[in-house]
Amino acid sequence: MAILTLPANLEDKIFEIKFGADDTVSKIISYFPLSELEVQKIRSNLQNESFDEFHSIFTDTITEDEWNNTKEQIKKKFKDELFDIDKKF
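Quantities reported herein were computed from a predicted structural model and do not represent experimental measurements.

**Digging into the side chain of Arg43**
Turning to step 1, where the next piece is worked out: For Arg43, the position within the fold is in helix H2 (residues 36-46).
Turning to step 2, where the next piece is worked out: A residue is classified by how much of its surface remains accessible, and Arg43, at 11% relative accessible area, is buried.
Turning to step 3, where the next piece is worked out: Every residue in contact with Arg43, bar those within four places of it in the chain, is listed here: Glu36, Asn48, Glu49, Phe51, Asp52 and Phe54.

**Comments concerning H2**
Turning to step 1, where the next piece is worked out: Of all the positions in H2, only Glu38, Val39, Ile42 and Arg43 are classed as buried. For H2, the arc enclosing every buried residue in end-on projection is 140°, short of the 170-degree limit, so these residues lie on one face. Set apart from the buried face of H2 by more than 90 degrees, the exposed residues are Glu36 and Leu37.

**Concerning the pattern of salt bridges**
Turning to step 1, where the next piece is worked out: The final tally for this structure, using the stated rule, is 6 salt bridges.
Turning to step 2, where the next piece is worked out: Between Asp12 and Lys71 there is a salt bridge whose closest N-O contact spans 2.8 Å. Here Lys71 lies in helix H3 (residues 64-87) and Asp12 lies in the loop between helix H1 (8-11) and strand E1 (14-19), a separation of 59 residues in the sequence.
Turning to step 3, where the next piece is worked out: The partner of Lys13 in a salt bridge is Glu64, with the nearest N and O atoms 2.6 Å apart.

**Examining the nonpolar core**
Soluble globular proteins tend to bury their nonpolar side chains together.
Turning to step 1, where the next piece is worked out: Grouped together as the largest cluster of nonpolar side chains are 11 residues: Leu4, Leu6, Leu10, Ile14, Val25, Ile28, Leu34, Val39, Ile42, Phe51 and Phe54.
Turning to step 2, where the next piece is worked out: Secondary-structure elements contributing two or more residues to this core are strand E2 (25-30) and H2.
Turning to step 3, where the next piece is worked out: Residues Tyr31, Trp67, Ile74 and Phe78 belong to the second largest nonpolar core, which totals 5 residues.

Definitions and cut-offs
Residues numbered from 1 in each chain as written. Predicted model: local features only at pLDDT ≥ 70, side-chain atom pairs only at ≥ 80, totals over all residues. Heavy atoms only, no water. Helix = DSSP H or I, 4+ residues; strand = E, 2+ residues; numbered from the N terminus. Buried < 20%, exposed > 50% of the residue type's maximum accessible area, 1.4 Å probe, protein only. Contact = heavy atoms within 4.5 Å. Arc of directions from axis to C-beta. Salt bridge = Lys/Arg side-chain N within 4 Å of Asp/Glu carboxyl O. Core = buried A, V, L, I, M, F, W, Y, C linked by side-chain atoms within 4.5 Å.

The following block contains the structure:
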């Protein structure tokens, strides 16, 4: 599988990276929409300036400070809710 190396602060914002059959990145899902600078950094690391499969779980745009202050709570709540879905069946 291909490896995408990102700075820790940017990797922290990514929920999931999906790969295609050819081991290239096919979709990047972040918790919140990424900034244009973050998108450009990922495109640069992918060496694919036309990559456009960025998706986010939440649609609200938040500041870097808001993310840093709430990221652990957001990640925990989101993961807990996903695990609770599995427990109900």
